[in-house]
Amino acid sequence: PGNRGAAATRPTIRHPDLPAQVWVLPGDGRVVVNGRSLIDYFKRATHADEVVKPFGATRTAGRFDVKATVKGGGLSGQAGAVRHGAARALQNYDPALRTALKRAGLLTRDSRMVERKKPGRKKARKAFQWVKR
């Protein structure tokens, strides 16, 4: 945003109900999530690796900066949402990268959604405690 000639793509991703906005700009590989660095925000290495996966798949590591805002859910879901947003932003920046991203399965949205609560039940599937008499 605001940089002329920059490849700022900002798809809004709804990864199982997690709104994430991801900006991918040419840079030196810095990743900022909710105003904090990647390592500060995602303490687990698996979460951090998940976020940078699109850049490894397209061999563009260190060529783009990522700025993301994500809210809701847990850290694993947030990492997946940022990963999906970065992959779609890379695709928007350079359509030639689509095949590598698609082959790695990074453009597929996680379609799982929260199941609705049913009437006569405590939650979607959990029943009230059964009483014999």
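Residues numbered from 1 in each chain as written. Predicted model: local features only at pLDDT ≥ 70, side-chain atom pairs only at ≥ 80, totals over all residues. Heavy atoms only, no water.

Attention now goes to unusual backbone geometry. In this structure, Asn34 is a non-glycine residue whose phi angle is positive, near 50°. Note that Asn34 resides in the loop between strand 3 (31–33) and strand 4 (36–37). For Arg59, which is not a glycine, the phi torsion comes out positive at approximately 55°. By the element assignment, Arg59 lies in the loop between helix 2 (45–57) and strand 5 (64–70). (Helix = DSSP H or I, 4+ residues; strand = E, 2+ residues; numbered from the N terminus.)

Tallied over the entire structure, the rule returns seven salt bridges. A salt bridge links Arg30 to Asp28; its shortest N-O distance comes to 3.5 Å. Salt-bridge contacts for Glu115 lead to Arg125; the nearest nitrogen and oxygen are separated by 3.0 Å. Pair noted here: Glu115 is in the segment after helix 4 (98–103) and Arg125 is in the segment after helix 4, with a separation of ten residues, a long-range link. Under the relative-accessibility criterion, Glu115 is labelled partly exposed at 38%. A network of salt bridges, in which partner residues are shared, links Asp28, Arg30 and Asp65. (Salt bridge = Lys/Arg side-chain N within 4 Å of Asp/Glu carboxyl O. Buried < 20%, exposed > 50% of the residue type's maximum accessible area, 1.4 Å probe, protein only.)

Scored by pLDDT, the protein chain has a mean of 87; 88% of the residues are at 70 or more. A low-confidence stretch, residues 1–6 (pLDDT under 50), is modelled with six contacts involving residues beyond four sequence positions or located in other chains. (pLDDT = per-residue confidence, 0-100. Contact = heavy atoms within 4.5 Å.)

Here we take up the side chain of Asp65. With respect to the secondary-structure elements, Asp65 resides in strand 5. Given a relative accessible area of 15%, Asp65 falls into the buried group. Polar contacts involving the side chain of Asp65 include one to the main-chain amide nitrogen of Arg30, which spans 2.9 Å. Every residue in contact with Asp65, bar those within four places of it in the chain, is listed here: Trp23, Val24, Leu25, Pro26, Gly27, Asp28, Gly29 and Arg30. (Polar contact = N/O pair within 3.5 Å; in protein donor to acceptor, adjacent residues only side chain to side chain.)

With respect to the helices, strands and loops of the structure, Lys118 is situated in the segment after helix 4. In this structure, Lys118 is in contact with Lys123 and Ala124, ignoring residues within four places of it in sequence. Side-chain polar atoms of Lys118 contact the side chain of Glu115, separated by 2.8 Å.

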